[in-house]
Amino acid sequence: KVQGESGEQRHLVRGKLGASYHKDVAAPYVRECQSLGVSVDILGGGRIRHTPESRSIMIYGFSYGYPWVDGAGHEITAELVRAAYPGYDVRWSNEGY
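Here's what I pulled together on the structure shown here. (Residues numbered from 1 in each chain as written. Predicted model: local features only at pLDDT ≥ 70, side-chain atom pairs only at ≥ 80, totals over all residues. Heavy atoms only, no water.)

As a further point, take the sheet that holds strand 1 (residues 2-3). Here three strands make up an open sheet; going across it, the order is 2-1-3 and the pairing antiparallel. With partners counted over all chains shown, the strands left at the sheet margins are strand 2 (9-10) and strand 3 (39-40), one partner each. Strand direction decides the pairing type here: strand 1 and strand 2, joined by two bridges, are antiparallel. Bridging from a neighbouring strand, Val2 pairs with Arg10 of strand 2. (Pairing = 2+ DSSP bridges. Helix = DSSP H or I, 4+ residues; strand = E, 2+ residues; numbered from the N terminus.)

Right, dumping it as structure tokens:
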């Protein structure tokens with residue numbers, strides 16, 4: 001979740017193909033946002049499998065480094081991904097790693 005100086009808040013989803021750890025994905029975005037005066041709260045982590053050929057996206061798993069905070073979860077990610085990828089089959093599960 002990011003929050004600008006105006007107080008406006010938004011949820012962001014970030015990923016990087018082949019990243020070994022969630023911190024490898026998060027760190028560059030956190031630094032960039034902070035340099036712009038935007039605060040960042042990482043609400044949790046997981047994995048995303050994007051299969052363009054079948055127009056499907058699966059959000060799953062968890063992060064040891066960024067466990068979910070209370071009230072957050074993959075459903076937030078799924079909502080954002082559905083908006084960004086209309087016409088895709090977007091599913092989520094807490095299972096897997």
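Here the focus is the nonpolar core. Within the largest apolar cluster, six residues are counted, these being Ile57, Ile59, Ala78, Val81, Tyr88 and Val90. Secondary structure elements with two or more residues in this core: strand 5 (56-60) and helix 2 (74-84). Once residues within four sequence positions are removed from consideration, Val90 is found in contact with Ile57, Ile59, Ala78, Val81 and Arg82. (Core = buried A, V, L, I, M, F, W, Y, C linked by side-chain atoms within 4.5 Å. Buried < 20%, exposed > 50% of the residue type's maximum accessible area, 1.4 Å probe, protein only. Contact = heavy atoms within 4.5 Å.)

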